[in-house]
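Here are the chains, one letter per residue:
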Amino acid sequence: MVCCQNRNLTSKGTSARKRAGLVTAFLACALGVKHTKDRAMIEEIKKYITEYAENYYCMGVSEGVPEEMRDGPVDDEGWVPWKVIPSNVTDSDLAEIEEQYGFKIPPYFSGYLKACFQLLDQIHSNKYEGNLVMMSCCPSDNPLGPLRDLMKAWSPLFNSGYVPFAEWNDGWGPMCLDLQAPSTEGDDFSVVWFDHDEIIPLGEDACGKRDQIEKYSRPLYGSFKELFFDVYAKNA
């Protein structure tokens, strides 16, 4: 009787280990598939940005162009050509921003920040007849610095569910992800903008209250992904 019970316990233990092994294998496979998809997305984003930059006036004031991004000598007026180079931004780097402000960066925005170092800070919207988008660029010496500076400048908006990441037109006001307006794909958010002439007079307290500021939001894109493809893919 005791031997029979031991055999049953051994059998149950073996089955449990097999199930655990299958679960582990499944999770590893799922993570592998996700990593492959993420890598493919980042490579696609890098391709479009690189092609876009080939038709862009890639010149910057020398003080603002890191040494490793320079693509020629500084001219007599202090300008220097720059080039797109590989990025070393990691998920951990982005997680610090997510934890600080309490939101999840959408996949295509994350991919944009990790794809490459570039100084494309003034790009054009095809959907809105060439209007400027003053984007947070990614210099190699401080790739997330421009984004962090913009987020800090408009930080009260986070309390209203808006994530500032760029400026519309010639600095008319912040472009934001609307965390309460998810995209149809479910992993991204609609993009809106606010006229600074309308929201600055409200004060920081009002800007942090959605019921007081939502009426000033103006829709632009259904998602960051739509914005990216409108600007970079159509102009590449």
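Look above for the structure.
The following refers to the structure shown. As the structure is a prediction and not an experimental result, all values here were calculated from the model. (Residues numbered from 1 in each chain as written. Predicted model: local features only at pLDDT ≥ 70, side-chain atom pairs only at ≥ 80, totals over all residues. Heavy atoms only, no water.)

## Thoughts on the overall build of the chain
Check the secondary structure of the chain and you find eight helices and 10 strands. For the chain, the residues scored as buried account for 42% of the 236 residues in total. Sequence separation of 24 or more characterises 57% of the internal contacts of the chain that already satisfy a separation of 6 or more. With the model as given, the accessible surface of the chain reaches about 13,000 Å², and the carbon-plus-sulfur share is 53%. (Helix = DSSP H or I, 4+ residues; strand = E, 2+ residues; numbered from the N terminus. Buried < 20%, exposed > 50% of the residue type's maximum accessible area, 1.4 Å probe, protein only. Contact = heavy atoms within 4.5 Å. Areas by Shrake-Rupley, 256 points an atom, 1.4 Å probe, with all protein chains shown as cover.)

## Describing the nonpolar core
If you look at the biggest cluster of nonpolar residues, it comprises 53 residues, and the most contacted ones within it are Y112, F165, M175, F224 and Y232. Examining the composition of this core, we find that seven residues originate from one element, helix α1 (residues 2-54), more than from any other. If we ignore the near neighbours within four places in the chain, the residues touching F165 are F109, M135, S136, L147, L150, M175, C176, L177, V191, F224 and L227. Grouped together as the second largest cluster of nonpolar side chains are 10 residues, W154, Y162, C176 and I213 included. (Core = buried A, V, L, I, M, F, W, Y, C linked by side-chain atoms within 4.5 Å.)

## A closer look at the packing of helix α2 (residues 91-101) against helix α4 (residues 145-153)
Packed helices, taken two at a time, are described by the angle their axes make and the gap between the axes. Put simply, α2 and α4 touch, their axes get as near as 12 Å, and they point 5° apart. When the interaxial angle is binned, α2 and α4 end up roughly parallel. Here α2 contributes D93, E96, I97, Q100 and Y101 to the contact with α4, which in turn contributes L147, R148, M151 and K152. Taken together, the residues of the contact of α2 with α4 sort by class into four nonpolar, one polar and four charged. (Axes fitted to C-alpha atoms, helices over the stretch in contact; angles between N-to-C directions. Parallel < 35°, antiparallel > 145°, perpendicular 65-115°, else oblique. Nonpolar A, V, L, I, M, F, W, Y, C, P; charged D, E, K, R; others polar.)

## Observations concerning the packing of aromatic side chains
All chains considered together, the criterion is met by 22 aromatic pairs. Seen from their ring centres, Y52 and Y232 are 5.1 Å apart, and the 65° between their planes marks the pair as edge-to-face. Here Y232 lies in helix α8 (residues 224-233) and Y52 lies in helix α1, a separation of 180 residues in the sequence. Like Y232, Y52 is buried. (Phe/Tyr/Trp six-rings, centres within 6.5 Å; stacked < 30°, edge-to-face > 60°.)

## Re the sheet that holds strand β7 (residues 162-168)
Reading across from one edge, β5-β6-β7-β8-β9-β10 is the order of the six strands in this open sheet, with antiparallel pairing throughout. Taken across any chain shown, the strands that pair with only one partner, and hence form the sheet edges, are β5 (123-124) and β10 (218-221). Pairing geometry for β7 and strand β8 (residues 173-182), over six bridges, is antiparallel. If you follow P164 over to β8, its bridge partner there is C176. (Pairing = 2+ DSSP bridges.)

## Observations regarding helix α3 (residues 107-115)
With eight of nine residues buried, α3 is to be regarded as a mostly interior element. For α3, the full list of buried residues reads Y108, F109, S110, G111, Y112, L113, K114 and A115.

Without other data, these values stay purely geometric and don't point to any function.
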